[in-house]
Amino acid sequence: MQVSVEESGAIERKLSISVPSEKIDSEIAKRLLDVAKNARVPGFRPGKAPQNVIKKRYAPQVTNEVINETINASYRDALGQEKIIPAGLVSIDPTPYESGKEFQFVATVEVFPKIPSPTLEGKTIEKPMVAVTDEDIMQTLEDIRKRNANFVTKNEKSEKEDRLTIDFEGKIDGEVFENGSADDFVFILGAGQMLAQLDAGLVGLKAGETKTIAFTFPENYGDTEVAGKDVEFTVTVKVVEKPELSALDDDFAKSLGIKDGGIEKMKQEIGISLRRGLDSRMRAVMRDKVMNELYAANDIESPKALVEEEIERSVKAVTEQLIAQGLPTDKIDRNHYAEQAKKRVALGLIAREVIEKSKIEVDAQAIRARIVEMSANYESGEEYVKWHYADPERLKTIEAVVLEDQVIARMLETATVKEQKIPFKTFMNPQPID
């Protein structure tokens, strides 16, 4: 077998493979002899048909089998001979087989790209410095109190934080549109549960009053049928209720399940929960910062086969979600997921290079520590830990998470880290960029 390799692209390689005719011809002849021993051919006793009849009847099928097996075996041998580790097979292009002539085919493969910069030396990463303060705890406690308010009917004009019960009907071009109307709809005024224009238009109304509110749906509104269109809502306020807040005392804590320790215990638990949420968001933010810098520093071509696998995973997840919601799946556009798939594949390859170069390993202790940390979010933490250790696949998932954390930590060691103080509320609730 002869092999020559051509670099036909940044990560594409063409392997031209030649196999001696003697090897193929002898294998075909051997198999035809084996076939002849048991062949049932009309007009002849089993196994007694002449070889020329056997050849005419069975040669095409046998030849096709031998050629396919030759291609598979020769392809694997060529990869080993040339020390090529393929990221994916693009195509196999054989020439037509002719007895007595050398058989040739071209295997086009993609290899893993070289990673130019598995480090962030010379890069600056801004790291938010965030702390949970007593004020944050008290604000959260106040939010909890508002969510658990008792509402009582009032006859005054509505204001923010009141609860309204309304009937509304929306029209576009004078016609009622689908899902644009409702009766006895209940919401908290100013809580962001309604479109901002509707919300603002309902401040200052009493029960029994009707108002028409006209505005234009946002261009990026979720329902594309009405996005960007002018609409008129006729709204009738049926009930206006004001909130009555409980005192922040031990009885309030007990009403929410704090059996011992009262309001002080509740504050402690809120602090623990806020810090846990802060740690989770900080981990996600720093991951994104590091990975985006690594992606920008490594302009590599992602192997098509791996990108297709990534797109397929996304499509499968969306398909399952739509089926669960009883929605059609025939309008899923694979191209929509292509760019993110390329990025995920590239970052996976970059992370693998970092792991190899930095000799990062995950030990059992680190995995257990992460599972125990995650178990704090569950009422039965011990059962959560056991659940993970009961399935090797679940442990592999946690191992991947811990590995990623170590990659991020290693990259931050190579970068210049600039600390930036940010209030907890701002960090946890970033405002969207217009």
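A. Structural context of the overall build of the chain. Assigned secondary structure in the chain consists of 12 helices and 11 strands. For 434 residues, the compact-globule formula gives about 22 Å, and the C-alpha radius of gyration of the chain, at 34 Å, lies well above that figure. Counting only C-alpha atoms and orienting by the principal axes, one finds that the chain spans roughly 105 × 60 × 45 Å. Residues classed as buried in the chain amount to 34% of the 434 residues present. Considering only contacts within the chain whose residues lie at least 6 apart along the sequence, 67% involve residues at least 24 apart. Side-chain charges in the chain split into 61 positive and 77 negative, and the spacing between the mean points of these groups amounts to 6 Å.

B. Region of interest: helix α3 (residues 134-147). The end-to-end C-alpha distance of α3, which contains 14 residues, comes to 20 Å, matching closely the 20 Å that a straight helix rising 1.5 Å per residue would cover. Here α3 has its buried residues at D136, I137, T140, L141, E142, I144 and R145.

C. Geometry of the sheet that holds strand β3 (residues 86-94). Spatially, four strands are ordered β1-β2-β4-β3 in an open sheet, and the strand pairing comes out antiparallel. Here the strands that pair on one side only, and so sit at the sheet edges, are β1 (2-7) and β3. Taken over all neighbouring pairs, the strand axes of this sheet differ in orientation by 20 degrees on average, direction set aside. Alignment of β1 against strand β2 (residues 12-19), held across six bridges, turns out to be antiparallel. Residue pairing for β2: S4 is matched across the bridge by S16.

D. Seen up close, the packing of helix α9 (residues 364-375) against helix α11 (residues 392-414). Two elements in contact, α9 and α11, have axes separated by 9 Å at closest approach and are oriented at 100 degrees. Classified by the angle between their axes, α9 and α11 sit roughly perpendicular to one another. Two secondary-structure elements touch here, α9 through A366, I367, R370, I371 and M374 and α11 through L395, I398, E399, V401, V402 and D405. The residue makeup of the contact of α9 with α11, split by class, is eight nonpolar, no polar and three charged.

E. Main features of the nonpolar core. Formed by 55 residues in total, the largest nonpolar core has its most connected members in L120, M266, I270, V290, L294, I311 and M411. No other element matches the 11 residues that helix α6 (residues 262-297) contributes to this core. Each residue touching I311, except ones within four places of it in the same chain, is listed here: R334, Y337, A338 and A341. Among the nonpolar cores identified, the runner-up in size contains 23 residues, and L15, I28, I67 and Y75 belong to it.

F. Region of interest: the packing of aromatic side chains. Under the defined criterion, the tally for this structure stands at 12 aromatic pairs. Ring centres 5.9 Å apart and planes at 65 degrees place the aromatic pair F168 and F233 in the edge-to-face group. Placement of the pair is F168 in strand β7 (residues 163-172) and F233 in strand β10 (residues 230-244), with a sequence separation of 65 residues. Each of the two residues, F168 as well as F233, counts as buried. A connected cluster of aromatic rings, assembled from ring pairs, spans F168, F177, F185, F187, F215, F217, Y221 and F233. Lying across the ring of F427, R281 places its NZ or CZ 5.1 Å from the centre. A cation sits over an aromatic face here: R352 above F112, 4.1 Å from the ring centre.

G. Here's a closer look at the packing of α3 against α6. Running from N to C, α3 and α6 point in directions that differ by 110 degrees, and their axes come no closer than 9 Å. In this view, α3 runs roughly perpendicular relative to α6, as classed from their interaxial angle. Counted together, D136, I137, M138, T140, L141 and I144 of α3 and I263, M266, K267, I270, G271, L274 and R275 of α6 form the full contact between these two elements. Here the contact of α3 with α6 is built from residues that sort into eight nonpolar, two polar and three charged.

Parameters and conventions
- Residues numbered from 1 in each chain as written.
- Predicted model: local features only at pLDDT ≥ 70, side-chain atom pairs only at ≥ 80, totals over all residues.
- Heavy atoms only, no water.
- Helix = DSSP H or I, 4+ residues; strand = E, 2+ residues; numbered from the N terminus.
- Rg over C-alpha atoms; globule rule 2.2 N^0.38 Å.
- Buried < 20%, exposed > 50% of the residue type's maximum accessible area, 1.4 Å probe, protein only.
- Contact = heavy atoms within 4.5 Å.
- Lys, Arg positive; Asp, Glu negative; His and termini not counted.
- Charge placed at Lys NZ, Arg CZ, Asp CG, Glu CD.
- Expected span 1.5 Å × (residues − 1).
- Pairing = 2+ DSSP bridges.
- Axes fitted to C-alpha atoms, helices over the stretch in contact; angles between N-to-C directions.
- Parallel < 35°, antiparallel > 145°, perpendicular 65-115°, else oblique.
- Nonpolar A, V, L, I, M, F, W, Y, C, P; charged D, E, K, R; others polar.
- Core = buried A, V, L, I, M, F, W, Y, C linked by side-chain atoms within 4.5 Å.
- Phe/Tyr/Trp six-rings, centres within 6.5 Å; stacked < 30°, edge-to-face > 60°.
- Lys NZ or Arg CZ within 6 Å of the ring centre and 35° of its normal.

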